Amino acid sequence: MIRHLVFVFLILAVPPAVSAKTPPPFTAAATCGACHADHYGNWKNSLHALSYANPIFQAAYQKAYAETSGKAAQFCLPCHAPTVRLTGDYGAKDEITREGITCDFCHSVADVKNGAFTLKTGDVKRSALKDSAPKEHGAAYGEAFATARLCSGCHDFTNRLGTKVGNTYEEWTKSQYRTDGVQCQHCHMTAMPGKTARENGRDSIHDHSLGHSMEQMLGAVRVETKEPVWMNGAVLADVLLVNAGAGHAIPTGTPARTLVLEVHALDASGKVVEVKKKMYRKRILNNKGEEMLTDGDAFLYGKKVSSDNRLLPGESRLETFRFTVRPKDIVKIAAEAYLSYQPVVITKTEMKIPLFSATVNVK
Ligand code: HEC
Ligand code: HEC
Ligand code: HEC
Ligand code: HEC
Ligand code: HEC
């Protein structure tokens, strides 16, 4: 009964011109999914679909929201729940807002220039297909869908203090991949078996999970251990690290990611004699010179990039490690590269993603 009264009150309170004539600008993903089941299945478990709802973002967002008396909504949601750009639902009351980077946001992009989206919502959906003529809705070719430009609107983030927090797109623009015409989609949205639409569809779709296969990850970094040498009572081991497969720096994106090169010196029984580690990352400081260790803090307070030794696309780097603890016992050198990611949910947790390992005998 009370709910009924509230309902009636709401209808009366909303100016009829707005409520009656303005259709919701974006359609729910599940509606698209009724015909585009394979795209929907891919997308549903992607980080794009979870960009608003996932607990890592929520933890950071709620902290930022509290610290900025709510201003963080205007700041974070245009990328993490981008439909707010038209709906203005900064309180995230509508279901569509919580769908994060949803089908109809991307497929309503008419163009992207200098990080700004031009959105045209409605019947016409755009993609990189040039010959699609569905009777179910309008369709058009959108050049941005075939290029990195589509991704640039969100994957290039300089914060309000002018600090480059996550600039994957810019890293790509300076790489050979751009010169060679290799777009983000060529690595992150590869063709796979699937139906473009349930009825009248064709048999190949582009992967919408926007992750990367383990295969791709494992090819991204290559590690080579050169033959170690004896010198002045120590074992010197040269290790070559190559960014062989990413179209941007490794690590890229938010600053909570670190690439670690760990080199173990082993004795004849396989026991570790000594361990050396080298970290590759971007360090971001606030205006007091304190390091910003979480994504949210870097986005809000990052004032300056104090150092950045990440591996650029295509770059090879030779590192020398010196083992001095029990050099005579060392018979093997084993090197391993992995990505370390420390997101904050309730407490800080570390995730380790192995990328490459190699072992070599000491002569
Ligand atoms: C009633 C079924 C149906 C629904 C609902 C539907 N589509 Fe489609 N759509 C199709 C069919 C059929 C095609 C043609 C597929 C082809 O050409 O291979 C198509 C094609 C497309 C294309 C490619 C067209 C082009 O020229 O770029 C896009 C993008 C697209 N749909 C997006 C969407 C989005 C986003 C939604 C939800 C807002 C949606 N569709 C809802 C049936 C549907
Ligand atoms: C509207 C903004 C937006 C657009 C457009 C967009 N992304 Fe994203 N993307 C995000 C956000 C936000 C996340 C992080 C989601 C999370 O983890 O909470 C993300 C996550 C990703 C990830 C996963 C990162 C990981 O940690 O595994 C990849 C890969 C990715 N995007 C690639 C792309 C590519 C390629 C394009 C262009 C075709 C693109 N994105 C377009 C905002 C966007
Ligand atoms: C991050 C932006 C983004 C989101 C979110 C997204 N798409 Fe796409 N979609 C693309 C891009 C880019 C292409 C073109 C890929 C290419 O040709 O390399 C595409 C292509 C398509 C096509 C044409 C057929 C194909 O696979 O190339 C359809 C249909 C489609 N998407 C439907 C959907 C549906 C349905 C959803 C939600 C369940 C969705 N998309 C979510 C960016 C997006
Ligand atoms: C030549 C292939 C290639 C191209 C081109 C490429 N990427 Fe990647 N990308 C990768 C590989 C491999 C990884 C995994 C290694 C890593 O995490 O750094 C990755 C990782 C990422 C990640 C981080 C995911 C994570 O879990 O750490 C994001 C975000 C991303 N790419 C977005 C993009 C965007 C946006 C573009 C275009 C501007 C792009 N990529 C172009 C291959 C590519
Ligand atoms: C310009 C677009 C943009 C804005 C604005 C933005 N983000 Fe993000 N955010 C991204 C992208 C893209 C990713 C994921 C890919 C990457 O690592 O770069 C991401 C990833 C994250 C992650 C890691 C999520 C995960 O699943 O690991 C957190 C946490 C986060 N953002 C919090 C925030 C907060 C809090 C704000 C506002 C203070 C914010 N972001 C503003 C684009 C943005």
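Report on the accompanying structure. Keep in mind it's a predicted model, so treat the numbers as computed, not measured. (Residues numbered from 1 in each chain as written. Chains lettered and ligands numbered in written order. Predicted model: local features only at pLDDT ≥ 70, side-chain atom pairs only at ≥ 80, totals over all residues. Heavy atoms only, no water.)

Notes on the coordination of the iron atom of ligand 3
Protein coordination of the iron atom of ligand 3 is provided by H107 (NE2) and H208 (NE2), with donor distances spanning 2.0 to 2.1 Å. Taken together, the 6 donor atoms coordinating the iron atom of ligand 3 span angles of 86 to 180 degrees at the metal, a pattern that classifies the geometry as octahedral. Note that H107 is positioned in the loop between α9 (103-106) and β1 (109-113) and H208 in the loop between β8 (204-206) and α14 (214-220), a separation of 101 residues in sequence. By relative accessible area, H208 is classed as buried at 18%. (Donors = N, O, S within 2.8 Å, 3.2 Å for Na, K, Ca; no water. Tetrahedral: all angles 85-135°; square planar, octahedral: opposite > 155°, others 65-115°. Helix = DSSP H or I, 4+ residues; strand = E, 2+ residues; numbered from the N terminus. Buried < 20%, exposed > 50% of the residue type's maximum accessible area, 1.4 Å probe, protein only.)

Thoughts on the nonpolar core
Core analysis: the largest hydrophobic core is formed by 27 residues, its most contacted members being L241, L259, L261, F323 and I333. Only α14, β9 (221-225), β11 (234-243), β12 (257-266), β13 (272-280), β16 (316-323), β17 (332-341) and β18 (351-361) provide two or more residues apiece to this core. If sequence neighbours within four positions are ignored, L261 has contacts with V223, V239, L241, K276, K277, K278, Y280, E319, F321, A335 and E336. (Core = buried A, V, L, I, M, F, W, Y, C linked by side-chain atoms within 4.5 Å. Contact = heavy atoms within 4.5 Å.)

With respect to the coordination of the iron atom of ligand 5
What the protein offers the iron atom of ligand 5 as a donor is a single atom, H80 (NE2), at 2.1 Å. Examined against the element boundaries, H80 turns out to sit in helix α6 (residues 72-80).

Brief notes about the side chain of Q58
Mapped onto the elements, Q58 comes out in helix α5 (residues 55-67). Of the polar contacts made by the side chain of Q58, one reaches the side chain of Q62; its length is 2.7 Å. When near neighbours in sequence (up to four residues on either side) are disregarded, Q58 contacts Y52 and A53. (Polar contact = N/O pair within 3.5 Å; in protein donor to acceptor, adjacent residues only side chain to side chain.)

Some points on the site of ligand 4
Around ligand 4 there are 23 residues in total, and C184, C187, H188, H248 and R257 lie nearest to it. At 2.8 Å from a nitrogen atom of ligand 4 is found a side-chain nitrogen or oxygen belonging to H188. Contact distances for ligand 4 include 3.0 Å between an oxygen atom and a side-chain N or O atom of R257. Residue composition of the shell around ligand 4, grouped by class: 12 nonpolar, 10 polar and 1 charged. Structurally, the shell around ligand 4 is a two-domain feature, drawing no fewer than three residues from each of domain 1 (15-206) and domain 2 (214-361). (Near = heavy atom within 4 Å. Nonpolar A, V, L, I, M, F, W, Y, C, P; charged D, E, K, R; others polar. Domains from an automatic or database assignment.)

Observations concerning the sheet that holds β13
Spatial ordering of the open sheet is given by β13-β12-β17-β18, a layout of 4 strands whose pairing is antiparallel. Each having just a single partner strand, β13 and β18 make up the two edges of the open sheet. In this sheet, neighbouring strand axes are inclined to one another by 20 degrees on average, regardless of whether the strands run parallel or antiparallel. With 8 bridges joining them, β12 and β13 adopt antiparallel strand pairing. By the bridge assignment, V260 is partnered in β13 with M279. (Pairing = 2+ DSSP bridges. Axes fitted to C-alpha atoms, helices over the stretch in contact; angles between N-to-C directions.)

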